[in-house]
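Single-letter residue listing:
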Amino acid sequence: MLSSYVLGLLTLIGINLLLALSVYVILATGQLSLGNGGFMALGAYGASVLTASYGVPLPFALLIAALGTGLVGVAVGYPALRLTGVYLAIATLGFGEIIRTFFLNFPVTGGAGGFHGMRIVAPGTVWLWAGGCFVAILLAEQSRLWLEYRAVRDDEFAAFALGLDPTSLKVGAFGVGAALAAIGGGLFAHYALYIEPGNFSFLVSIEMVLFVILGGSETVWGPLVGAIAMTVLPEMLRFVGNWRDAVFGAMLIVILWVRREGLVSGNIVPRIVRRERKIRATAT
Amino acid sequence: VIAQQVVNGLLLGAVYSLVALGYWLVMGVLGILNVAISEIFMMGAYLGFVVVLAHRSIWLAVPIAMVGAAVLGLIVERFGYKPLRDAPPIVPLLSTVGFSLIFQNVATNVWGSDPVQLPESIFARRMSFGTIEVGPIQMLIVACTGSLILLLALVVKRSWLGRALRAVSESRDVAMLLGVPADTVTIGTFVISGALAGAAGCLVGLHYSVINPYIGVETGLKGIAVMIVGGVNNVWGSLVAGPLIGIAEVLAVAYGASSYRDIVAYGLLICMLLLRPQGLLGGTISRSGRA
């Protein structure tokens, strides 16, 4: 039997995977969001209010929260189309801070005092959601849609000239990313059982980006590896006590020195799989 | 009362301008967002407090905080930016996040996570001009921000370093072909921006007379909003936007919505990015939104 500590860690990895995917999908169209903490907050508070105050079953609450936050994501993504690069990142940062300040003052969700009353979610449920979303994106990467995302990322004007619609692709990615962050946030709320606006700060948004950049942003395996590594690493650093954040920060810088393209780069996973298939084919 | 509020807002805004110039320098010349500026700001506040508590002198606090912060800026350049210079701009951004974590952790372990307060006696003397009351710290803020901003503007517009900065921001390669030592210029950018953030942190700490390790995220990060609202293409932009946001915040606190004050800065940031991406003083070229 797994100890409750390991189960907790596995749950956290699942939640972080969803959050990493939320950044990954948006990044796939070449857009960097530093405000996914805001989407996560919307999902967390939305799902929690639905289950704790209205008795809605968790799966429906998550779906409603994801849908609502996805619409917010589209609403945020649409005007943000005017911006690219660092400016888009700064705008989304501002959005995240506004959402956090809003919940800090919103009496319905307890303001600065936080919100509780949720019932705990089973680790298996978290992994059902995380795994489901992961597989969905894994399959989507084989589709035409993902080729169109890539085209927009590589050269928006060329993509437009090919008859693609960069606007709806980019806005759509924002909506999907927001919905994924909302599911992650909703599950986080039902894992932590107590949420406060501080859970969704700027640093949390940054952390999600770290999962993807350190794991690798070329394939969906990157966010998975990143989420696992970045969840386990701080746990392994418990022995340094009070200096955990500093050591974590230093390791982060060193990892960027050594592998700036992320742990999983290029088509490393498909390549391995293909090679194995070839070996098996020649063996038979 | 309103005059006093406006004066307070102007003082706060002047300090915002300083932090914003710290962000602006690195962003304008190198095109990256140095997130660690907000934590260097926090370290500057603590260094200032250490000096004031040890020597009871507020005049020494700012120079020492600036020197300490400049050293921190140098460290960020050496380990966070230099090895990652040819990576996409998001990578140095994340390495400066690494430094944010380190600085915040150091401050929490050295000075504790509880707020530190200055003794009241330091603020005893206050002068009043009509209905407006000003203490020595407020005068210090005016003197420091005024002279620092003037100095920076002179350096950027008139000096050799300023010309080199602008050359590197146009094109690093061409600047190097023309004999500009781009590495030195890069170091200068980080050192000066660190010193500005340190001075701002020190002044904010003395102004509020109470600080905690989280003021970097709470206050320092607003420098980004000020920079954008002012316009990334123009030195004077931050100078206009800082006081504007400062006054707006102070008035928001004075007339009701005190807890929503943080929305003011970020709300203005988003409106500005959407309606006028080049900022208030950004000129007519809209290239800035497409960097």
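What you are looking at is a predicted structure, and each value in this text was computed from that prediction instead of being measured. (Residues numbered from 1 in each chain as written. Chains lettered and ligands numbered in written order. Predicted model: local features only at pLDDT ≥ 70, side-chain atom pairs only at ≥ 80, totals over all residues. Heavy atoms only, no water.)

Another point: the overall build of chain B. Each helix and strand counted, chain B has 12 helices and 4 strands in total. Against the globule reference of 19 Å for 291 residues, chain B gives a C-alpha radius of gyration of 19 Å, in line with a compact fold. Here the C-alpha coordinates of chain B stretch approximately 55 × 40 × 35 Å along the principal axes. Scored against the burial criterion, the 291 residues of chain B give a buried share of 56%. A separation threshold of at least 6 residues defines the contact pool for chain B, and within that pool the share at least 24 residues apart is 77%. About 11700 Å² of surface is accessible on chain B, with carbon and sulfur atoms providing 66% of the total. Both charge centroids of chain B, one from 16 positive and one from 12 negative side chains, sit 10 Å from each other. (Helix = DSSP H or I, 4+ residues; strand = E, 2+ residues; numbered from the N terminus. Rg over C-alpha atoms; globule rule 2.2 N^0.38 Å. Buried < 20%, exposed > 50% of the residue type's maximum accessible area, 1.4 Å probe, protein only. Contact = heavy atoms within 4.5 Å. Areas by Shrake-Rupley, 256 points an atom, 1.4 Å probe, with all protein chains shown as cover. Lys, Arg positive; Asp, Glu negative; His and termini not counted. Charge placed at Lys NZ, Arg CZ, Asp CG, Glu CD.)

Residue and element names in this part refer to chain B. You can see Tyr46 is positioned in helix α2 (residues 37-55). The sequence separation of Tyr46 and Leu206 amounts to 160 residues, and the corresponding C-alpha distance is 9.8 Å. Dropping the residues within four chain positions of it, Tyr46 is found in contact with Ala107, Trp111, Gly112, Val116, Ile211, Asn212 and Pro213.

Often, the extent of an interface is quoted as the loss of accessible area upon association of its parts. Taken together, the contact between chain A and chain B spans 39 residues of the former and 43 residues of the latter. The contact between chain A and chain B buries some 3900 Å² in all, and 75% of this surface belongs to carbon and sulfur atoms. On the surface where chain A and chain B come into contact, there are 1 salt bridge. With its nearest N and O atoms 3.2 Å apart, the salt bridge here joins B:Asp86 to A:Arg260. Applying the counting criterion to the chain A and chain B interface returns 6 residue pairs in polar contact (both at pLDDT 80 or more). The set of elements that each furnish at least two residues to the side of chain A that touches chain B consists of α4 (85-105), α9 (202-215) and α11 (244-258) of chain A. (Buried area = accessible area lost by both parts, 1.4 Å probe. Salt bridge = Lys/Arg side-chain N within 4 Å of Asp/Glu carboxyl O. Polar contact = N/O pair within 3.5 Å; in protein donor to acceptor, adjacent residues only side chain to side chain.)

All names here are of chain B. Over its 29 residues, helix α1 (residues 2-30) runs 41 Å from end to end, which matches the ideal 42 Å to within 8%, given 1.5 Å per residue. The element α1 is largely enclosed, with a buried count of 22 among its 29 residues. Two residues or fewer past α1, Gly31 is found with a positive phi of approximately 70°. (Expected span 1.5 Å × (residues − 1).)

Our next topic: the environment of A:Arg259. Residue and element names in this part refer to chain A. Counting through the fold element by element, Arg259 comes out in the loop between α11 and α12 (268-283). Classification of Arg259 as partly exposed rests on a relative accessible area of 28%. Between the C-alpha atom of Arg259 and that of Ile213, which follows or precedes it by 46 residues, the distance is 9.7 Å. At a separation of 2.9 Å, a polar atom in the side chain of Arg259 contacts the main-chain carbonyl oxygen of Gly262.

This part covers the pattern of salt bridges. Under the counting rule described, the total for this entry stands at 9 salt bridges over all chains. A salt bridge links A:Arg238 to A:Glu235, with the nearest nitrogen and oxygen atoms 3.0 Å apart. Its relative accessible area of 49% is what places A:Arg238 among the partly exposed residues. Judged by relative accessible area, which is 16%, A:Glu235 ranks as buried. Across the salt bridge formed by B:Arg85 and B:Asp183, the nearest N and O atoms sit 3.4 Å from each other. On the criterion of sequence distance, the pair formed by B:Arg85 in the loop between α3 (58-81) and α4 (90-111) and B:Asp183 in helix α8 (residues 182-208) is long-range, its members being 98 residues apart. Here the salt bridges share partners, and the residues they tie into one network are B:Arg85, B:Arg172 and B:Asp183.

Time to look at the packing of α1(B) against helix α6 (residues 160-170) of chain B. Each pair of packed helices gets described by two things: the angle between the helix axes and the distance between those axes. Residue and element names in this part refer to chain B. Relative orientation of the contacting elements α1 and α6 amounts to 50°, with a least axis distance of 7 Å. With respect to their mutual orientation, α1 and α6 come out oblique. Within the contact between the two elements, α1 uses Leu25, Gly28 and Val29 and α6 uses Leu165, Val168 and Ser169. Grouping the amino acids of the contact of α1 with α6 by side-chain chemistry returns 4 nonpolar, 2 polar and no charged. (Axes fitted to C-alpha atoms, helices over the stretch in contact; angles between N-to-C directions. Parallel < 35°, antiparallel > 145°, perpendicular 65-115°, else oblique. Nonpolar A, V, L, I, M, F, W, Y, C, P; charged D, E, K, R; others polar.)

Positive phi is not limited to glycine here, since A:Leu193 has a value of about 65°. In this structure, A:Leu193 sits in the loop between α8 (166-192) and β2 (194-195). Under the relative-accessibility criterion, A:Leu193 is labelled partly exposed at 30%. The backbone of B:Ser209 sits at a positive phi, close to 60°, despite the residue not being glycine. With respect to the helices and strands, the residue B:Ser209 is situated in the loop between α8 and β4 (210-211).

All names here are of chain B. Taken as a whole, chain B shows an average pLDDT of 85; of its residues, 91% reach a score of 70 or greater. When the criterion is pLDDT under 50, residues 285-291 qualifies, and its contacts beyond four places in sequence or with other chains add up to 17 contacts. For this predicted complex, the interface score ipTM comes out at 0.85, while the overall pTM is 0.87. (pLDDT = per-residue confidence, 0-100.)

Now for the nonpolar core. Formed by 186 residues in total, the largest nonpolar core has its most connected members in A:Ile90, A:Leu187, A:Ile195, B:Trp24, B:Leu33, B:Leu94 and B:Met227. Looking at this core element by element, the count peaks at 15 residues for α1(B). (Core = buried A, V, L, I, M, F, W, Y, C linked by side-chain atoms within 4.5 Å.)

This paragraph deals with a positive patch on the surface. Residue and element names in this part refer to chain B. Together, Lys157, Arg158, Arg163 and Arg166 give the surface a local cluster of positive charge. The set of elements that each furnish at least two residues to the positive patch consists of α5 (136-158) and α6. Turning to its location among the elements, Arg158 is positioned in helix α5. (Patch = residues over 30% accessible without salt bridge, like charges linked within 9 Å, V, L, I, M, F, W, Y side chains within 5 Å.)

With that settled, the discussion passes to the side chain of A:His190. Relative to the helices and strands, A:His190 is located in helix α8. Within polar-contact distance, the side chain of A:His190 engages the side chain of A:Thr51 at 2.8 Å.

Glancing now at the packing of aromatic side chains. Per the counting criterion, the structure on display carries 15 aromatic pairs over all chains. Residues A:Phe103 and A:Phe106 carry aromatic rings whose centres are separated by 6.4 Å and whose planes lie at 75° to one another, so their mutual orientation is edge-to-face. On the basis of relative accessibility, which here comes to 6%, the residue A:Phe103 falls in the buried class. By relative accessible area, A:Phe106 is classed as partly exposed at 27%. Sitting above the plane of the B:Phe79 ring, B:Arg78 keeps its charged end 5.5 Å from the centroid. (Phe/Tyr/Trp six-rings, centres within 6.5 Å; stacked < 30°, edge-to-face > 60°. Lys NZ or Arg CZ within 6 Å of the ring centre and 35° of its normal.)

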